[in-house]
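In case you want the letters, here they are:
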Amino acid sequence: NTNKAYNGLTHPCKGEAGNYMPDLKYRYLAEDVPTGLCFAKGLAEILGLPTPSIDKVMVWAQQCIGLEIMVDGKMKGKDLDKTRAPQGMG
């Protein structure tokens, strides 16, 4: 960890001893994806910049958090208004 602000932070897990899984509904996905990652992806889309790594994370993350944000690689999902993507600002 290179950022001291993150020292001591852990990701909550679910399960039993020896069989833990990250809680994929926790705010690290549920808040950070719609606010931070969606803004970055939306801006890159406007600027015509490819974002293959962000796209892979978005496809996975939107399934985890139960939102439709990106469709066919574009910021045009039905839940876009729940994000900070420029495309969802009306």
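Residues numbered from 1 in each chain as written. Predicted model: local features only at pLDDT ≥ 70, side-chain atom pairs only at ≥ 80, totals over all residues. Heavy atoms only, no water.

As for helix 2 (residues 32-47)
Then, number 1: Taking 1.5 Å per residue, 16 residues should reach 22 Å; helix 2 reaches 22 Å between its end C-alpha atoms and fits that length.
Then, number 2: Burial in helix 2 covers these residues: Val33, Pro34, Cys38, Lys41, Gly42 and Ala44.
Then, number 3: Looking one or two residues beyond helix 2, the residue adopting positive phi is Gly48, at roughly 75°. (Helix = DSSP H or I, 4+ residues; strand = E, 2+ residues; numbered from the N terminus. Expected span 1.5 Å × (residues − 1). Buried < 20%, exposed > 50% of the residue type's maximum accessible area, 1.4 Å probe, protein only.)

A few points about the side chain of Asp23
Then, number 1: Relative to the assigned elements, Asp23 resides in the loop between strand 2 (19-22) and helix 1 (27-30).
Then, number 2: Accessibility expressed as a relative area gives 16% for Asp23, which makes it buried.
Then, number 3: Those residues in contact with Asp23, other than ones at most four positions away along the chain, are His11, Pro12, Cys13 and Lys14. (Contact = heavy atoms within 4.5 Å.)

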